[in-house]
Amino acid sequence: MSDDEQRDQHQEPGQGGTGTGTGQGRTSPTAEPAPGPRPEPIRFFGTTWVDHDNGYAPRRAAVAVGALGAAVAGAYLLRLAYEGLEIGNVGPFLSISVVILFAIASSIAFAKTWESFSRRAAPSSDEAALKGLKAIGFIGSLVAYFLRCLIEAPGEKLHRAEYERAVAEFARRRSSRTGNPAARRPKRKK
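Residues numbered from 1 in each chain as written. Predicted model: local features only at pLDDT ≥ 70, side-chain atom pairs only at ≥ 80, totals over all residues. Heavy atoms only, no water.

Section: the overall build of the chain
Next up, step 1: Scanning the chain from terminus to terminus reveals 6 helices and 0 strands.
Next up, step 2: In the chain, buried positions account for 23% of the 190 residues.
Next up, step 3: Long-range pairs, those at least 24 residues apart, make up 64% of the contacts in the chain with a sequence separation of at least 6.
Next up, step 4: As displayed, the chain offers around 13,100 Å² of accessible surface, 60% of which is attributable to carbon and sulfur atoms. (Helix = DSSP H or I, 4+ residues; strand = E, 2+ residues; numbered from the N terminus. Buried < 20%, exposed > 50% of the residue type's maximum accessible area, 1.4 Å probe, protein only. Contact = heavy atoms within 4.5 Å. Areas by Shrake-Rupley, 256 points an atom, 1.4 Å probe, with all protein chains shown as cover.)

What about the layout of surface pockets?
Next up, step 1: If you add up the space inside the largest pocket, you get close to 880 Å³.
Next up, step 2: Lining the largest pocket are 27 residues, and of these R43, S116, F117, R120 and K134 sit closest to its centre.
Next up, step 3: Where the lining of the largest pocket is concerned, the elements lending two or more residues are helix 3 (92-116), helix 4 (131-136), helix 5 (138-151) and helix 6 (156-176).
Next up, step 4: The residue inventory of the lining of the largest pocket, partitioned by class, reads 10 nonpolar, 6 polar and 11 charged. (1 Å grid on protein atoms, 1.4 Å probe; cavity = no way out; pocket = protein on both sides within 12 Å on 5 of 7 lines; lining within 4 Å. Points joined across faces, edges and corners; volume = space filled by probe spheres on them. Nonpolar A, V, L, I, M, F, W, Y, C, P; charged D, E, K, R; others polar.)

So, helix 3
Next up, step 1: Between its terminal C-alpha atoms helix 3 stretches 36 Å, which fits the 36 Å expected from 25 residues at 1.5 Å a residue.
Next up, step 2: When we look at burial in helix 3, the residues that qualify are S95, A105, S106, A109 and T113.
Next up, step 3: Those residues of helix 3 that are buried lie in contact with helix 2 (56-87), helix 4 and helix 5. (Expected span 1.5 Å × (residues − 1).)

If you want it as structure tokens, here you go:
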């Protein structure tokens with residue numbers, strides 16, 4: 001089941017999707033939902049990324065600060081864990097191995113997270129296999145999130161391109177329709 005189908009199943013009557021630009025995903029009960037494609041919400045931003053309204057800039061700043069704070073806290077916890085290894089006197093090989101493991105996992109998590117902001121993963125890709133590695137290298141993912149928030153909402157460029165493509169396709173299909181299709185004469189068979 002696709003994400004769109006799941007989102008449509010969970011909508012209550014009177015909720016016209018997320019086309020309002022409020023980030024809340026709700027329309028007023030009397031408002032008629034606009035025809036055409038609706039923008040896909042982004043985590044922490046909803047649909048405010050479409051028009052950069054309803055607190056988009058403060059949200060970006062808050063998400064950037066939150067990601068950086070979480071990365072610093074995670075680095076501090078890793079430092080405490082490393083000091084625990086030193087106190088446990090496990091030897092230099094294990095201590096260095098742990099540092100290298102976290103460095104490699106963080107760099108892979110950074111690269112994969114940054115890549116996910118610009119293109120969607122293929123359904124058969126190795127993203128599911130990398131979940132554990134990305135969890136170990138969570139600092140890299142948080143740093144990627146922080147850096148992307150300095151530029152735009154994470155994933156905004158991808159979502160905007162898909163949304164604009166869908167709007168253009170909808171307009172093209174809509175403009176090609178003329179008249180009442182039921183009133184058309186059937187085509188002659190040759």
